[in-house]
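Summary of the model geometry
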Amino acid sequence: YTNTAYSFAFSYPLGFTVSAFPEGEGDTVLVQRRTSEVEPPAGGSISQHSGFQVHISPFDEPGPLTPERIRTDIPDMVVDQAKEMEIDGVKMLSFISSRDSLGRVREIWFVEKGNLYQITAHAEFDAGLSQILLSWRFQ
């Protein structure tokens, strides 16, 4: 998948689809399983929760983000197992959170070129998401 508007690309497993659409003040990229006959990612499994979304919105502060910075804006947000990571030279914050409608989720948030990226996946798709993120590139 290549997103020319935000200049990034990543590979995703066969049997998944990608759609992009405007949402709120930004855009969302949704990657989801197309059929039940999908090969599991290395070290992962396929379930009804296979897939993730990337929400991108304007952000006027520099990165990198910290758990404290997130809690400043969203005091009730759960930020567990926070760890810094770097992909293609961009520092990111990875953590486990909880959402009423989704349950436990993996979140990866970062700031790049004036935008906040919020990647969200069900926690059980963590291994699959990790494999996809290894292919992520900024152009």
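Everything below is about the structure shown above.
Numbers given to residues run from 1 along each chain, matching the order in which its sequence is written. A pLDDT threshold of at least 70 governs which residues receive local features in this predicted model, and a stricter bar of 80 or more applies before side-chain atom pairs are shown or counted, although totals over entire chains, interfaces and linings include all residues. Based on all heavy atoms of the structure, the side-chain values leave hydrogens and waters out of the count.

Okay, the sheet that holds strand S6 (residues 80–87) next. Taken in spatial order, the seven strands line up as S3-S4-S5-S9-S8-S7-S6 in an open sheet, and their pairing is antiparallel. The open sheet has two free edges, formed respectively by strand S3 (16–23) and S6, since each of these has just one partner strand. If you compare each strand with its neighbour and ignore which way they point, the axes differ by 20 degrees on average. Of the strand pairs in this sheet, strand S5 (residues 51–58) and strand S9 (residues 115–122) are connected by seven bridges, and their pairing is antiparallel. Directly across from Pro-58, in S9, lies its bridge partner Asn-115. When DSSP finds at least two bridges between two strands, those strands are taken to pair. In DSSP terms, a helix is any run of H or I states spanning at least four residues, a strand is any run of E spanning at least two, and both are numbered starting from the N terminus. Only C-alpha atoms enter the line fits that serve as axes; for helices the fit covers just the stretch in contact. Angles between N-to-C directions range over 0 to 180 degrees.

In this section: the sheet that holds strand S1 (residues 2–3). Taken in spatial order, the three strands line up as S1-S2-S10 in an open sheet, and their pairing is antiparallel. At either margin of the open sheet sits one strand with a lone partner, and together these are S1 and strand S10 (137–138). By the bridge criterion, two bridges tie S1 to strand S2 (residues 8–9) in an arrangement that is antiparallel. Of the residues in S2, the one forming a bridge with Thr-2 is Ala-9.

A pair of aromatic rings is counted whenever rings of Phe, Tyr or Trp (Trp by its six-membered ring) have centres within 6.5 Å, and the orientation is called stacked for planes under 30 degrees apart, edge-to-face for over 60 and tilted otherwise. Within this structure, the stated rule accounts for 15 aromatic pairs. Plain terms: the ring middles of Tyr-1 and Phe-8 are 6.2 Å apart, the flat faces sit at 55 degrees to each other, and that makes the pair tilted. Note on Phe-8: relative accessible area 0%, which makes it buried. Here a set of aromatic residues connected by ring pairs shows up, and it is made of Tyr-1, Tyr-6, Phe-8, Phe-10, Phe-52, Phe-110, Tyr-117, Trp-136 and Phe-138. Exposed residues in this analysis have more than 50% of their type's maximum accessible area, buried residues have under 20%, and partly exposed residues fall in between, with area computed by a 1.4 Å probe over protein chains only.

A few words on the pairing of strand S4 (residues 26–33). Moving residue by residue along a regular strand, the side chains alternate between the two faces of the sheet. Here S3 pairs with S4 via eight bridges, running antiparallel. Opposite Ser-19, over in S4, you have Leu-30 as the bridge partner. Two successive antiparallel strands, S3 and S4, enclose a turn made up of two residues, where Gly-24 displays a positive phi of approximately 60 degrees. Bridge analysis of S4 against S5 gives six bridges, and the strand direction is antiparallel. What sits directly across from Val-31, in S5, is Phe-52.

Moving on, we come to the side chain of His-55. You can see His-55 is positioned in strand S5. Here His-55 falls in the buried class, since its relative accessible area comes to 17%. From its side chain, His-55 meets the backbone oxygen of Asp-27 in a polar contact 3.4 Å long. Every residue pair with non-hydrogen atoms within 4.5 Å of one another is taken to be in contact. Beyond its immediate chain neighbours, meaning those up to four positions away, His-55 contacts Glu-23, Gly-26, Asp-27, Thr-28, Leu-116, Tyr-117 and Gln-118. The definition of a polar contact used here is a pair of N or O atoms within 3.5 Å, where within protein one atom must be able to donate a hydrogen and the other to accept one, and adjacent residues in sequence count solely through side-chain atom pairs.

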